[in-house]
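Here is what each chain is made of, one letter per residue.
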Amino acid sequence: MKFDVDNKKKIDAYFGDQRPSNARYEGQLTHSFQSALEDCHAKVTEADSHFYHMIDLGDGELRNGVWGDHEQTYLGGCGLVGKRVLEIESASGFLSAYLASKCADLVVFDLPLGSTSELAPFAEIDDMEEFAREARRSVEQLRNSWWMTKRKLRFNGSAVYRDVYNPPSDLGRFDVTVLGSILLHLSDPFGAWARPQ
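Residues numbered from 1 in each chain as written. Predicted model: local features only at pLDDT ≥ 70, side-chain atom pairs only at ≥ 80, totals over all residues. Heavy atoms only, no water.

Participant: How do you make sense of the packing of aromatic side chains when you look at a structure like this?
Facilitator: For the structure shown, the criterion picks out two aromatic pairs. Each ring, one from Trp146 and one from Trp147, has its centre 4.9 Å from the other, and the planes form 85°; the classification is edge-to-face. Taken as a pair, Trp146 and Trp147 share a single burial class, namely buried. Seen from their ring centres, Trp146 and Phe155 are 5.7 Å apart, and the 80° between their planes marks the pair as edge-to-face. You'll find Trp146 and Phe155 in the same group, each marked buried. Each member of the aromatic cluster is reached from another via a ring pair, and the members are Trp146, Trp147 and Phe155. Taking NZ or CZ as reference, Arg143 lies 4.8 Å from the ring centre of Tyr161, over its face. (Phe/Tyr/Trp six-rings, centres within 6.5 Å; stacked < 30°, edge-to-face > 60°. Buried < 20%, exposed > 50% of the residue type's maximum accessible area, 1.4 Å probe, protein only. Lys NZ or Arg CZ within 6 Å of the ring centre and 35° of its normal.)

Okay, structure coming up:
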């Protein structure tokens, strides 16, 4: 997969190791940052991706995933029209596409680039470093599938990447928050949910 070199440098610098550990990562919702993210993911292919949800990207071919349709049931019948929606852990974009088709403004929030969900050192894992590398690759493939879904289905939405325990302070307020299955991936689910913006 090839990225636009200048935009890739901007994104790498933004998420790079030179940032202080307490950096809040503001500015991700700006048009220029979203454009840079979009450019970096413009050439993502299916081979670069992992689809978590069953989805048709408009070409009539289903990509099989663990989850299927029934979006409205999944969301508990929540009204979305005219609402600002935050989707935490957006996976491959299946639900994002649905949310974007109903709401006024969609912001997806997911793991920072180059990171993975919290990993537990289970006894059957022989090499924790290798396990972490594979987990990072899996997260990258899932993120790629979200950008491919967004590009193919042409839905509107902004993406923000940061640690859920320390979100950017400039996200604003939301009418609806969709958590997906994130809580089961966290060591401190209540702490993440209760964290002030």
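Participant: Looking at this structure, how should I read the pattern of salt bridges?
Facilitator: If charged atoms from side chains of opposite charge come close, those side chains can pair. Applying the stated rule across the entire model yields three salt bridges. Across the pair Lys150 and Glu38 runs a salt bridge whose closest N-O atoms are separated by 3.2 Å. With Lys150 in helix H5 (residues 128–153) and Glu38 in helix H2 (residues 31–40), this residue pair connects regions lying 112 residues apart in the sequence. Classification of Glu38 by relative accessible area gives partly exposed; the value is 34%. (Salt bridge = Lys/Arg side-chain N within 4 Å of Asp/Glu carboxyl O. Helix = DSSP H or I, 4+ residues; strand = E, 2+ residues; numbered from the N terminus.)

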